[in-house]
Amino acid sequence: MSYMHPDTERYPVTPFAHAGDLYWCQLVEHNTGDLRIGPLGEDRPADDADGLRHAAMRAHLEAGQARG
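On average, the protein chain scores 91 in pLDDT, and the residues at 70 or more come to 99%. When mean pLDDT is compared element by element in the protein chain, strand β1 (residues 14-18) scores highest at 96, while helix α1 (residues 52-67) scores lowest at 90.

Structure representation (structure tokens):
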């Protein structure tokens, strides 16, 4: 089973950097806050790191603003 939701049109994937590493994030469910975060180029959850969820949400919001 894929960790990343396959419908990337509906749930866009946003790449971002945090603490010198590259990640992707995908907000799948706005109401529950299902924010999926993984290492860039891999379809698995990222190891937990300080500030990672905050950085992912910031990247997601900035990308959404850029998309309009």
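Now that the structure has been shown, we can carry on.
Once that is clear, we can look at α1. Its 16 residues give α1 an end-to-end C-alpha distance of 22 Å, which sits within 8% of 22 Å, the value for a rise of 1.5 Å per residue. Every buried residue belonging to α1 is among L52, A55, A56, A59, H60 and A63, and all of these are buried. Each buried residue of α1 sits inside an arc of 135 degrees when the element is viewed along its axis, so together they form one side. Away from its buried face, by an angle of more than 90 degrees, α1 presents the exposed residues H54 and Q65. For α1, the secondary structure elements touched by its buried residues are β1, β2 (21-29) and β3 (34-39).

The next thing to look at is the packing of aromatic side chains. Inspection of the entire model under this criterion finds two aromatic pairs. Between Y3 and W24, the aromatic rings sit 5.8 Å apart at their centres with planes inclined by 55 degrees, giving tilted as the arrangement. A residue pair is termed long-range when its members are at least 10 positions apart, and Y3 in the segment before β1 and W24 in strand β2 qualify at 21 residues. Given the relative accessible area of 24%, Y3 is considered partly exposed. Centroid distance F16 to Y23: 5.7 Å. Interplanar angle 25 degrees. Geometry classified as stacked. F16 sits in the buried class, given a relative accessible area of 8%. We note R36 situated over the ring of Y3; from NZ or CZ to the ring centre the distance is 5.9 Å.

A few words on unusual backbone geometry. A positive phi angle is found at A19, which is not glycine, with a value near 55 degrees. You can see A19 is positioned in the loop between β1 and β2. On the basis of relative accessibility, which here comes to 72%, the residue A19 falls in the exposed class.

Rules used in this analysis
Residues numbered from 1 in each chain as written. Predicted model: local features only at pLDDT ≥ 70, side-chain atom pairs only at ≥ 80, totals over all residues. Heavy atoms only, no water. pLDDT = per-residue confidence, 0-100. Helix = DSSP H or I, 4+ residues; strand = E, 2+ residues; numbered from the N terminus. Expected span 1.5 Å × (residues − 1). Buried < 20%, exposed > 50% of the residue type's maximum accessible area, 1.4 Å probe, protein only. Arc of directions from axis to C-beta. Contact = heavy atoms within 4.5 Å. Phe/Tyr/Trp six-rings, centres within 6.5 Å; stacked < 30°, edge-to-face > 60°. Lys NZ or Arg CZ within 6 Å of the ring centre and 35° of its normal.

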